Every structure is written in C-alpha cells, then in structure tokens.
Amino acid sequence: MSLYSFGLEPLSCHAWNKDRTQIAVSPNSSTVIIYQKKGKEWSKIHELKEHSGRITGIDWAPESNRIVTCASDRNAYVWTLKDGVWKPTLVLVRINRAATCVKWSPQENKFALGSGAKLISVCYFEKENDWWLSKHIKKGICSTVLSLDWHPNNILLAAGSADLHCRVFSAYIKEIEDKPGPTSWGAKMPFGEVLLEQKDVGGWVHSVAFSPSGDSLAWVSHNSAISVADAAQGKEVTQLTTEYLPLLSVLYVNETEIVAAGHDCCPYQFSYMGPGKLDFVKKLGISKQTSKNSMSAMQHFRNLDKKATTDEEDNELNTLHQNSITQLCVVEGQKAKVEKFSSVGLDGALVLWDVKV
Amino acid sequence: MSKNTVSDRFRKVDVDEYDENKFVDEEDGGENQLGPDEAEVDSLIRQYPLKHSAVLKNPPINTKNQNVKDRAEGLVLKVLTAFKSSDIEKAVQSLDKNKVDLLMKYIYKGFERPSENSSAVLLQWHEKALSAGGVGSIVRVLTARKTV
C-alpha cells in the first residue's frame, strides 16, 4: 500500500496510461494534469486546458494512447499526443446538460458518455469526415446517468442512473463493427436495446462494473447496498445491504471477488459465489496505531491546559484516505486477476492497494 | 407603472405539477397493506416476555392511505414503550437485517412527532438498533422512497 498526495484539492477522477508511468488527474477543476512517475514522486508534465466546466470523467485508452475527457460544460474532447503535446478534438455529443462519466470501449473504437440530459451518448470516429459522431441511447432513462461500464464483448453497456435503476443496453454501432454473437444477457442486440432493467434498487446507482467474463454485473447504490445481477442464472439479482456509509465505486478483482469503496474512506472486499451468496469479506487498509498507551503525566496536564480535555483524540481517521474515495481503477494485472488497484478521493490523495485474495 | 401585475395568484401555481418530464415513482399496489393487526398486538403486549415481531409484520409501506400509516405508527410506538429498558437489546438482537431497517424507519417516524416520553424511549431503541444495523440502516431510512 502506498499513498501519494496530489495536494489539497479533491481528485474528481483519474486514469492511467498503458505502462502505469503516467497518470491523468483532475483536481476538481476544468483542467486535467498529467503526472509522470519519477522514482517515488510524481512530477507534472502536461496540463490539458480546453474545458470550461468542471471535469467529471477521464479515460485513457491504453492501446491507442488517446485520452477522452468530459465536463459539466456539456462537451467531450478526445486528446491525442502529437510531437509531445496533447491536442484536443471536439466530439459532437449533442447533449444539453452536463456530462457525468465517460468510458472507452474495450476495443477503443468508441466510447460512451453519460449525461444529465437523461441519455447516453455513444461516440465513434467517422473517417470520411474526420470527426467524432454520436448516437443516443434514451430508452427508459428518466434521470441523470451516473456511471457506465462496458462488457468485454465491446457491445453491451451497463448504466447506473439517478432514477434508481440499473440497466444494460446494447451499444452496437453497425457502421464500425460486426454483428455480435449472443451472450448470456441476450441474443438480439440492436442499438439501444435494453437487456436488463433493474427497477428501484433503493438509491442512486453510483457505480457499475461487469465481471471479467461479463456474465455478472455488480453495482453500488446510495442505500448502502451492493448488488449483483447474474446473467448466467437468469439475470437473478442478489442485494447485500451493508452497515456502512454508501459506496461510490466498485471494481471486480477476479471473477468472484469484488472491491468497493466510498464515503467510509476505505475499500471493502465482497465475494459473490452465486445467487443469494453475496457476502462481505473484509475491510482493506491498515488502521493507524493509536498511541494511547504512553501518555505521561506531563502530557496529560499539558492537554488539560491546552484543550481543556484529557482526551488524546486524533483528528485524523484511522484509514489511509482522510475523505471519501471517489474512484477505483485497475493498475496491475489482467481484469480477471487484478494485482494492484488505485483509489483517489476527496482528500487529494492517490493510494495504491495490493490485492491479497 | 403597469397595472397588469395587480394579481399575484400566479405565485401560488405549482409549476412542478405541469412539468411533463416530472419523475414519477413506480406505483406498486398498496391496497392490501393494512398494517399490523391491532388486536393481535394488544394481546401480545399483555404477555411477558414481549414479542414485537408481530407489530413489525406487514408494514404499510406501499399504501398511500395516511390513516393506515398513522395507525401502524401508533401501534409500533405502543409496543416500543411497553418494553423494559433491559429487554431492548435482546429484542433488537433477535431481529434480522430487514427488520432492523424497518425498526429504524419506525424510530425516525416516531421522532417526527414527539409526545410525552416517546423521545427518550425511542433514543434508547435507536442506540441499540444502531449497533445492530450500523449507519447503513440510517442511510436506508433517508434514501427510502416508500416510507413506513
């Protein structure tokens, strides 16, 4: 486990490059800063300034080395590195509300953008006119789309929304790809088709994640619960209500183990073994040793004088993060066997976690 | 100045009612939910040790009928106050997760309308329910769209 602090500003989102030597973060502003790893320190090498609104999502495509950013100014830009400088290309997303999240598809030929306009914009590059076009998925969505995740087959897209529903859509774009074969979620997949609609999960769906095989889908909602829908078992949904504060981000570290983190400032590990078998495993992260044992009489009276109390209470939390964790990201290992993952939070810190299953 | 703004009736119009994109909750049939059975609960209160699982059965969550909800709340409050302080912890331990969440909902509902001694009793129940359900149970009270 290692912690690095990027300053005092909360980190809204982050994305890694292919070999994990560079990280793109946004310090709750309209700029994206790219840092390069130099030993144990991170040094700033680029600043991407094009958005006029707060950046809400960053995703870095590892193979094609393109970054897509989206912000509350209703725009999205695709950045490509040319001669050591990142150049933006505007994407015509055609939304009239803020963008909330963005994700490259596994094959990086398109990306999905969630927005407050109650729709998802799936964008692909059209070679003839040399620009990015978008297609909208609107069916059934009644409120802001809060989170997105792609299925490994590059076609299915899971979306969690503020209308308390979690859905799986087909984002098949016939102009750029071949017809997909059937999956455990369904066989017919025209663009915009709804393959799963889980109604009223109990709260806003903050984050969704497909398992490495794509056969199950996990999501975390604001009613402090984590749920899994299992396509291989007839799309049966298992929900586990926790006694913790709501979770904000969820990640699969292998086919059965799930890590989620949120307002409790530390990641939790859950295990899904089949319908009805979603269990809490453990809380990750060391608790800082509280040095309550050795308090001399001198310190005792000094505290009494200074703070009018003999409580030697630390103002710090005993978790690594001092504020809510906003996003989790895979760092090392394949999706099916994650070895390291990263978390960023409202405290401006980045923590790298080792997975010990 | 202009005289056409004499009437201010427009200020009382609820514009949200006329919004076509207004979010509507899914309507689940709530006609069959009558709340806990009054007679059953009354008889159980007279018996010792108190069994409260009956009053937590059949909660009127989906019904729009405010009377049913009030009646249920009254019944639950009666049962909760009838408990001895020392028995509260054991009672909470015997509840499963969903019932603890439901208990929390009733506790907060009871806080909304405090009467003579209700708050003190409810606070004792709250402390025990919190140690059983954690802050998650309170979060679920706040996020629940269908309240008890």
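Because the structure is predicted, anything quoted here is derived from the model rather than measured. One numbering rule holds for all chains: residues counted from 1, following each sequence as written. Key to labels: chains lettered from A, ligands numbered from 1, both in the order written. Note on the predicted model: pLDDT of at least 70 is required for a residue's local features to be given, and 80 or more for side-chain atom pairs to be given and counted; whole-chain, interface and lining totals, by contrast, use all residues. In computing side-chain values, all of the structure's heavy atoms are included and hydrogens and water are not.

Peer 1: Residue-level account of the overall build of chain B, with values.
Peer 2: For the purposes of this entry, the term helix denotes a DSSP run of H or I that reaches at least four residues, the term strand denotes a run of E that reaches at least two, and both are numbered from the N terminus. In terms of helices and strands, chain B carries 5 helices and 0 strands. Secondary structure elements of chain B, listed N to C terminal, follow the sequence α-α-α-α-α. Burial status across chain B gives 37% buried among its 148 residues. Contacts: residue pairs with any heavy atoms within 4.5 Å of one another. Here the analysis covers contacts within chain B between residues at least 6 apart in sequence; of these, 73% occur between residues at least 24 apart. Reported accessibility uses the Shrake-Rupley method at a 1.4 Å probe radius. Residues are deemed covered only where the shown protein chains occlude them. Entry remark: accessible area of chain B is about 9,800 Å², with carbon and sulfur atoms responsible for 50%. For every residue, the accessible area obtained with a 1.4 Å probe (protein chains only) is divided by the maximum for its type, and the residue is called buried under 20%, exposed over 50%, and partly exposed between those limits.

Peer 1: So, the overall build of chain A: which residues are in play, and what are the values?
Peer 2: Along the backbone of chain A there are 1 helix and 28 strands. Radius of gyration: C-alpha atoms only; globule rule: 2.2 Å multiplied by the number of residues to the exponent 0.38. For 357 residues, the compact-globule estimate of 2.2 N^0.38 gives 21 Å, and chain A sits close to it at 21 Å. Projected onto the principal axes, the alpha-carbon positions of chain A cover approximately 80 × 50 × 35 Å. Within chain A, the fraction of its 357 residues that count as buried is 52%. A separation threshold of at least 6 residues defines the contact pool for chain A, and within that pool the share at least 24 residues apart is 48%. Accessible surface, chain A: about 16,000 Å² in total, of which carbon and sulfur atoms supply 49%. Each charge class in chain A can be summarised by its mean position, and for the 39 positive and 39 negative side chains these summaries are 3 Å apart. When charges are counted, Lys and Arg contribute as positive and Asp and Glu as negative, whereas His and the chain ends are disregarded. For the purpose of locating charges, the reference atoms are NZ of Lys, CZ of Arg, CG of Asp and CD of Glu.

Peer 1: Residue-level account of the UniProt feature "repeat: WD" (unreviewed entry) in chain A, with values.
Peer 2: Under the UniProt annotation, the feature "repeat: WD" (unreviewed entry) is placed at residues 48-84 of chain A. Structurally, residues 48-84 of chain A is divided into 0% helix and 59% strand, and its ends, taken at the C-alpha atoms, are 13 Å apart. UniProt positions are given in the numbering used here, feature names are shortened, and annotations may be inferred rather than shown by experiment.

Peer 1: Tell me what's going on with the packing of helix α2 (residues 66-82) of chain B against helix α4 (residues 97-112) of chain B, and back it up with residues and numbers.
Peer 2: All names here are of chain B. With their axes 10 Å apart at the nearest point, α2 and α4 run at an angle of 100° to one another. When the axis of α2 is compared with that of α4, the two are roughly perpendicular. Of the residues in α4, those touching α2 at Gln-66, Ala-72, Glu-73, Val-76 and Leu-80 are Leu-103, Tyr-106, Lys-109 and Gly-110. Convention adopted: a line fitted to C-alpha atoms gives each axis, helices being fitted over their contacting stretch, and angles between N-to-C directions are expressed from 0 to 180 degrees. In these notes the angle categories are as follows: under 35 degrees is roughly parallel, over 145 is roughly antiparallel, 65 to 115 is roughly perpendicular, and the rest is oblique.

Peer 1: How would you summarise the packing of aromatic side chains if you had to cite specific residues and measurements?
Peer 2: Residues and elements named next belong to chain A. For Phe, Tyr and Trp, where Trp contributes only its six-membered ring, two rings pair if their centres lie within 6.5 Å, and the inter-plane angle classes them as stacked under 30 degrees, edge-to-face over 60, or tilted in between. Counted according to the given criterion, the structure contains 18 aromatic pairs over all chains. For the pair Trp-104 and Trp-132, a centre-to-centre distance of 5.9 Å together with 65° between the ring planes defines the contact as edge-to-face. You can see Trp-104 sitting in strand β10 (residues 99-104) and its partner Trp-132 sitting in strand β13 (residues 131-137), a full 28 residues away along the chain. Residues Trp-104 and Trp-132 agree in their burial class; the two are buried. Arranged with centres 5.7 Å apart and planes meeting at 70°, the rings of Phe-270 and Phe-280 form a pair that is edge-to-face. Of this pair, Phe-270 sits in strand β24 (residues 268-272) while Phe-280 sits in strand β25 (residues 278-283), and the two are 10 residues apart along the sequence. When its relative accessible area of 34% is taken as the criterion, Phe-280 is described as partly exposed. Three or more aromatic residues joined by ring pairs form one cluster here, namely Tyr-4, Phe-6, Trp-16, Tyr-35 and Trp-42.

Peer 1: Can you explain the pattern of salt bridges? Please cite residues and give values.
Peer 2: When a carboxyl oxygen of Asp or Glu lies within 4 Å of a side-chain nitrogen of Lys or Arg, that pair is called a salt bridge. Tallied over the full model, the rule gives 14 salt bridges over all chains. As a salt-bridge pair, Glu-63 of chain A and Lys-18 of chain A come within 3.1 Å of each other at their nearest N and O atoms. One end of the pair, Glu-63 of chain A, is in the loop between β6 (55-61) and β7 (66-71); the other, Lys-18 of chain A, is in the loop between β2 (13-16) and β3 (22-26), with 45 residues separating them in the sequence. A salt bridge links Asp-101 of chain B to Arg-140 of chain B, with the nearest nitrogen and oxygen atoms 2.9 Å apart.

Peer 1: Could you give me a rundown of the nonpolar core, with the residues and numbers involved?
Peer 2: Joining through side-chain atoms within 4.5 Å is the link that ties buried Ala, Val, Leu, Ile, Met, Phe, Trp, Tyr and Cys residues into a set, and such a set is a nonpolar core. Formed by 23 residues in total, the largest nonpolar core has its most connected members in Leu-80, Phe-83, Leu-103, Tyr-106, Ile-107 and Trp-125 of chain B. Only α2, α3 (85-93), α4 and α5 (118-143) of chain B provide two or more residues apiece to this core. Those residues in contact with Leu-103 of chain B that lie beyond four places of it in its chain are Leu-80, Val-92, Leu-95, Trp-125 and Ala-129 of chain B. The next biggest cluster of nonpolar side chains, apart from the first, holds 18 residues, and it includes Cys-166, Leu-196, Val-208 and Leu-217 of chain A.

Peer 1: Please give an account of the sheet that holds β3 of chain A that cites residues and values.
Peer 2: All names here are of chain A. Whether two strands pair comes down to DSSP finding at least two bridges between them. The strand order β2-β3-β4-β5 describes an open sheet built from 4 strands, whose pairing is antiparallel. Each end of this open sheet is capped by a strand with a single partner; those strands are β2 and β5 (41-49). Pairs of neighbouring strands in the sheet enclose a mean axial angle of 25°, with direction left out of account. As paired elements, β2 and β3 share 4 bridges and run antiparallel to each other. Note that in β3 the partner of Trp-16 across the bridge is Ile-23.

Peer 1: Before we move on, could you go through the side chain of Thr-69 of chain A and cite the residues and values that matter?
Peer 2: All names here are of chain A. Within the secondary structure, Thr-69 is located in strand β7. Using a relative accessible area of 0% as the deciding quantity, one classes Thr-69 as buried. Of note is the side chain of Thr-69, whose polar atom sits 3.0 Å from the side chain of Trp-79. Residues contacting Thr-69, with those up to four places away along its chain left out, are Val-32, His-51, Gly-57, Ile-58, Asn-75, Ala-76, Tyr-77 and Trp-79. Polar contact criterion, stated in full: a pair of N or O atoms within 3.5 Å, where within protein one must be able to donate a hydrogen and the other to accept it, and residues adjacent in sequence count only if both atoms are side-chain atoms.

Peer 1: Lay out the interface of chain B and chain A in plain terms, naming residues and giving numbers.
Peer 2: Counting residues at the interface gives 14 residues for chain B, matched by 18 residues for chain A. Our enumeration of links across chain B and chain A arrives at 0 salt bridges. Run the count over chain B and chain A and you get 6 residue pairs in polar contact (both at pLDDT 80 or more). For the side of chain B that touches chain A, the secondary-structure elements that each account for two or more residues are α4 and α5 of chain B. Residue polarity follows a fixed list, in which Ala, Val, Leu, Ile, Met, Phe, Trp, Tyr, Cys and Pro are nonpolar, Asp, Glu, Lys and Arg are charged, and the others, Gly among them, are polar. Its residues assigned to classes, the side of chain B that touches chain A comprises 3 nonpolar, 5 polar and 6 charged.

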